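A closer look at the structure
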Amino acid sequence: MHLSRVDLNLFTVFVAIYTEGSVTRASQQLNLTQPAISHALNRLRQLFNDPLFVRQGQMMVSTPLARSIIEPVRHALRGLEVTLTENDKFDPAMASKQFNLALRDVLESTALPPLMESITRQAPQIDLAAIQVERRELVSELAAGSLDLAIDMLLPLPNEIRRQKVVQGNTVVLARRDHPVIQGKLDLDTYIHAEHILASSRRKGMGLEDFELSRLGLQRRIRLRCQHYFAACRVVSQTDLLLTMPEGYARIANEQFNNQILPLPSSMPSWDVYLYWHQNVENDPANRWLRQQVIEAFQNQTV
């Protein structure tokens with residue numbers, strides 16, 4: 001079928017129904033009537049010779065064909081949008097938009113306060129959604145435009161994903177204030193023979209510090225594995241367990257617990273944080289503006 005015979009607006013409707021799972025919510029998102037959405041869906045079904053969406057209760061569930069084409073369609077629409085707006089000027093004071101930012105929870109406390117201070121001052125109608133995305137899905141989410149930016153450690157991503165280091169962080173060790181062995185200083189032998197907490201969203205696997213210790217032929221005992229550093233800080237305050245974590249977040253999460261914050265007694269690569277975006281939005285004025293806000297938010301910060 002020749003592209004000239006296809007109404008590209010149909011694909012906007014397709015993405016809206018897929019995203020919302022509802023004709024009603026798709027019509028609200030696109031500011032169109034429900035009959036208009038239903039008419040567009042019927043044309044799409046004829047175009048692909050497939051139902052695309054099947055009603056199950058209150059939801060419109062996508063068919064295998066719909067699931068197979070959603071990412072190419074999103075990618076194409078996003079590329080077209082960037083092309084059309086590439087030469088436009090972006091005025092944050094007048095723009096009304098929501099940006100989606102993939103952000104690990106450990107970075108929220110350090111990144112979001114200065115970032116939102118800047119955004120609310122410059123752009124009263126711009127909203128920000130900070131969400132956590134599986135790392136294996138970052139490329140597809142950035143390519144589809146469902147994510148505008150991602151902030152994370154250095155990741156092995158393809159060349160289509162642009163990156164820039166925004167901050168270099170250090171690693172520290174927390175011990176409770178009245179620890180029976182550790183008082184103001186910590187050597188490597190004491191660190192190795194202590195019991196530890198590993199805060200990780202993963203169900204298994206070593207932490208970055210464990211990889212580095214293994215290079216030295218050393219291994220520590222993980223007595224507790226938990227999901228969040230804040231909970232780990234509280235456990236530290238009530239036990240003799242040690243916690244290794246990024247310095248900037250340690251100083252925030254530890255404020256109410258008054259644990260000791262000590263240098264890690266072993267060489268450890270810096271805890272570098274990178275900003276990621278897709279090549280499709282390299283010259284997009286809105287995305288370029290947001291990238292600058294993120295970069296400035298991390299200036300003079302420790303993570």
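Just so you know, these numbers come straight off a predicted model, no measurement behind them.

Quick look at the sheet that holds strand β5 (residues 149-152)
The strand order across the open sheet built from five strands is β4-β3-β5-β12-β6, with neighbouring strands paired in mixed fashion. Each edge of the sheet is formed by a strand with only one pairing partner; in this case those strands are β4 (126-131) and β6 (161-169). Averaged over all adjacent pairs, the angle separating strand axes in this sheet is 20°, with direction ignored. In this structure, β6 lies alongside strand β12 (residues 271-278), joined through eight bridges in antiparallel fashion. The residue of β12 that forms the bridge with R162 is W277. Together, β3 (97-103), β4, β5 and β12 form the strand contacts of helix α5 (residues 105-122), whose direction differs from that of β4 by roughly 175°.

Looking at the nonpolar core
One finds I151 and L243 to be the most contacted residues of the largest nonpolar core, which totals 45 residues. Looking at this core element by element, the count peaks at seven residues for helix α11 (residues 285-298). Setting aside residues no more than four positions away along its own chain, L243 makes contact with V172, V173, L174, I197, Y229, A232, C233 and V236. In terms of nonpolar packing, the next biggest core, distinct from the first, is built from 21 residues, L10, F11, I37 and L41 among them.

Overview of the environment of S68
Looking at the element boundaries, S68 is found in helix α4 (residues 64-85). A distance of 2.7 Å separates a polar atom in the side chain of S68 from the backbone oxygen of L65.

Definitions and cut-offs
- Residues numbered from 1 in each chain as written.
- Predicted model: local features only at pLDDT ≥ 70, side-chain atom pairs only at ≥ 80, totals over all residues.
- Heavy atoms only, no water.
- Pairing = 2+ DSSP bridges.
- Helix = DSSP H or I, 4+ residues; strand = E, 2+ residues; numbered from the N terminus.
- Axes fitted to C-alpha atoms, helices over the stretch in contact; angles between N-to-C directions.
- Contact = heavy atoms within 4.5 Å.
- Core = buried A, V, L, I, M, F, W, Y, C linked by side-chain atoms within 4.5 Å.
- Buried < 20%, exposed > 50% of the residue type's maximum accessible area, 1.4 Å probe, protein only.
- Polar contact = N/O pair within 3.5 Å; in protein donor to acceptor, adjacent residues only side chain to side chain.

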